[in-house]
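Reading the structure
Spelled out from the first residue to the last, the chains are:
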Amino acid sequence: MTPDDTGTAAPSKTRIEYLEELGGELVKRGLRVRLTLPRGQSPSLHVMNPDAAALTENILAEQGADGWWYWWSWAERIAPADDVAAAADRVALVLSA
């Protein structure tokens, strides 16, 4: 929970909500996305370039001491989850043909 302007607690976004938000931005950039919910593992966003099906990636959203971040599957940060546009731009660039 995080405080809002009124001093009351407001719920923070969930991992799935962050991934859905990024997915919406990636669709706008022409990529295909699918939210995956594997049993016993963290949810991820499977992203594919429809013009080059070999260009795919699974994106994670994880919370650390410094806030929520989007991560590549190889454990490298993409961008803060609060900057969805920057994350989407970077993913689209990496998956461009």
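Throughout what follows, the structure given in this document is the object of discussion. Source: prediction; values computed, not measured. (Residues numbered from 1 in each chain as written. Predicted model: local features only at pLDDT ≥ 70, side-chain atom pairs only at ≥ 80, totals over all residues. Heavy atoms only, no water.)

Bringing helix H1 (residues 15–28) into the picture now. For H1, with 14 residues, the first-to-last C-alpha span of 21 Å sits near the 20 Å given by 1.5 Å per residue. Along H1, the positions that sit buried rather than exposed are Tyr 18, Leu 19, Leu 22, Gly 23, Glu 25 and Leu 26. Here the buried residues of H1 occupy an arc of 165 degrees about the axis, which is enough to place them on one side. In this structure, the buried side of H1 is in contact with strand E3 (32–36), strand E4 (44–49), strand E5 (52–64), strand E6 (67–71) and helix H2 (84–94). Once H1 finishes, Gly 30 follows within two positions and takes phi at roughly 90 degrees, a positive value. (Helix = DSSP H or I, 4+ residues; strand = E, 2+ residues; numbered from the N terminus. Expected span 1.5 Å × (residues − 1). Buried < 20%, exposed > 50% of the residue type's maximum accessible area, 1.4 Å probe, protein only. Arc of directions from axis to C-beta. Contact = heavy atoms within 4.5 Å.)

Another aspect to go through is the nonpolar core. In this structure, Leu 22, Leu 26, Val 47, Ile 59, Tyr 70, Ile 78 and Val 91 are the most contacted members of the largest nonpolar core, which totals 21 residues. Breaking this core down by element, the ones donating at least two residues are H1, E4, E5, E6, strand E7 (77–80) and H2. With 5 residues, H2 is the single largest residue contributor to this core. Beyond its immediate stretch of four places on either side in the chain, Leu 22 contacts Leu 45, Ile 59, Tyr 70, Val 84, Ala 87 and Ala 88. (Core = buried A, V, L, I, M, F, W, Y, C linked by side-chain atoms within 4.5 Å.)

These figures come from the coordinates and say nothing about function on their own.
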